[in-house]
Amino acid sequence: MNDKVTTPAADDVIAATQTWLTRAVIGLNLCPFAKSVHVHQRIRYYVSDAHSPAELSQDLADELRLLQKTDINTTETTLLIHPNVLTEFIEYSLFLPTAEAMIAKLGMDEEFQIASFHPDYQFGDAEADDIENYTNRAPYPTLHLLRAASIAHAVAAFPDTATIYQNNIATLRRLGHAEWRRLWVDQRLRGHI
């Protein structure tokens, strides 16, 4: 299905994503590894113009190749944001195996992994409005391209990574929906993160 929508300006997409990153991911410590990469400006924000899964697959391949040949001290990770395609969560979730297969097809499965974020993210065992879904809700559909080396470094620095997910759920349950919404009061973020 082609779910074409009005294309938002790339600068607005990046600004909304950076606000989400600083207020939610870093501000609530949902990812203890994000702050350093953000502070050292080693995150690449790429806004895809794709309007179809095939176009997004091409952008994904291009971004993986670019990240592979870029020094980790310059760009450690990429947020591939795609506001015009896979806007329905079910379509997005069905695309994720394709994205993983792309990494394997390129022979990069030992170098990269993907973390997934979407405005309507929903864990399989959760109801649509359960607060724990918000750990993976971003202003726009996003594929987070992670280097395996970065993950290994993070695990060495924080060996109990299995607790991050549980801590995030506990944090959001303490916060609740009203306080989550309050984080965005002065922002014009798309969607309902």
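(A) Structural detail: the overall build of the protein. When helices and strands are counted, the protein shows six helices and four strands. Tracing the protein from N to C terminus, the helices and strands come up as α-α-β-α-β-α-β-β-α-α. Taking 2.2 N^0.38 as the reference for a compact globule, 193 residues should give roughly 16 Å; the C-alpha atoms of the protein span a radius of gyration of 16 Å, in line with that estimate. Principal-axis analysis of the C-alpha atoms gives the protein an extent of 45 × 40 × 30 Å. The buried share among the 193 residues of the protein stands at 47%.

(B) Spatial organisation of the nonpolar core. Judged by nonpolar contacts, the single largest core of 25 residues is most densely connected at W20, L21, I43, Y45, I81, L172 and W180. Going through the elements one at a time, α1 (10-26), α2 (34-39), β1 (43-47), β2 (77-81) and α6 (162-182) are the ones with two or more residues in this core. If we ignore the near neighbours within four places in the chain, the residues touching I43 are L21, V37, H38, T77 and L79. Formed by 24 residues, the second largest nonpolar core is a distinct cluster that contains A61, L86, F89 and L96.

(C) Here's a closer look at the packing of aromatic side chains. Scanning the model with the defined rule gives seven aromatic pairs in all. Their ring planes at 70° and their centres at 5.5 Å tell us that Y134 and W180 sit as a pair that is edge-to-face. Of this pair, Y134 sits in the loop between β3 (112-117) and β4 (142-147) while W180 sits in helix α6; the two residues are 46 residues apart in sequence, bridging distant segments of the chain. By relative accessible area, which is 7% here, Y134 ends up buried. On the numbers, 5.5 Å between centres and 65° between planes, the contact of W180 with W184 is edge-to-face. Owing to a relative accessible area of 8%, W184 belongs among the buried residues under this scheme. Among the aromatic residues, those joined into a cluster by ring pairs are F89, Y92, Y121, F123 and Y165. Note that R137 overlies the ring of Y134, its terminal NZ or CZ placed 4.4 Å from the centroid.

(D) Molecular detail of the pattern of salt bridges. Inspection of every chain in the model, using the stated rule, returns five salt bridges. Across the pair R42 and E76 runs a salt bridge whose closest N-O atoms are separated by 3.0 Å. Of this pair, R42 sits in the loop between α2 and β1 while E76 sits in the loop between α3 (53-69) and β2, and the two are 34 residues apart along the sequence. Residue R42 is classed as buried on the basis of its relative accessible area, which comes to 15%. You can call E76 buried: its relative accessible area is 14%. Note that D62 and R65 form a salt bridge whose closest N and O atoms lie 3.5 Å from each other. With D62 and R65 both in helix α3 and three residues apart, this pair spans about one turn of that helix. The class of D62 is partly exposed, set by a relative accessible area of 36%.

(E) Layout of the sheet that holds β2. Spatially, β1-β2-β4-β3 is the arrangement adopted by the four strands of the open sheet, whose pairing is mixed. Of all strands in the sheet, those bounded by a partner on one side alone are β1 and β3. For this sheet, the mean inter-axis angle between neighbouring strands, taken without regard to orientation, is 20°. Summarising the sheet, β2 and β4 pair through five bridges and their orientation is antiparallel. Bridging across to β4, L80 finds its partner in L143. Packed on one face of the sheet, helix α4 (residues 89-105) meets β3 and β4 and runs near 170° to β3.

(F) Spatial organisation of the packing of α3 against α4. One way to put it is that α3 packs onto α4 with a least axis distance of 10 Å and a crossing angle of 35°. Here α3 and α4 pass one another in a crossing that is right-handed. On α4, the residues that touch P53, L56, S57, L60, A61 and L64 of α3 are F95, T98, A99, M102 and I103. Each residue belonging to the contact of α3 with α4 can be placed in one class, and the counts come to nine nonpolar, two polar and no charged.

What counts and what doesn't
- Residues numbered from 1 in each chain as written.
- Predicted model: local features only at pLDDT ≥ 70, side-chain atom pairs only at ≥ 80, totals over all residues.
- Heavy atoms only, no water.
- Helix = DSSP H or I, 4+ residues; strand = E, 2+ residues; numbered from the N terminus.
- Rg over C-alpha atoms; globule rule 2.2 N^0.38 Å.
- Buried < 20%, exposed > 50% of the residue type's maximum accessible area, 1.4 Å probe, protein only.
- Core = buried A, V, L, I, M, F, W, Y, C linked by side-chain atoms within 4.5 Å.
- Contact = heavy atoms within 4.5 Å.
- Phe/Tyr/Trp six-rings, centres within 6.5 Å; stacked < 30°, edge-to-face > 60°.
- Lys NZ or Arg CZ within 6 Å of the ring centre and 35° of its normal.
- Salt bridge = Lys/Arg side-chain N within 4 Å of Asp/Glu carboxyl O.
- Pairing = 2+ DSSP bridges.
- Axes fitted to C-alpha atoms, helices over the stretch in contact; angles between N-to-C directions.
- Left-handed = near helix turned anticlockwise from the far one by under 90°.
- Nonpolar A, V, L, I, M, F, W, Y, C, P; charged D, E, K, R; others polar.

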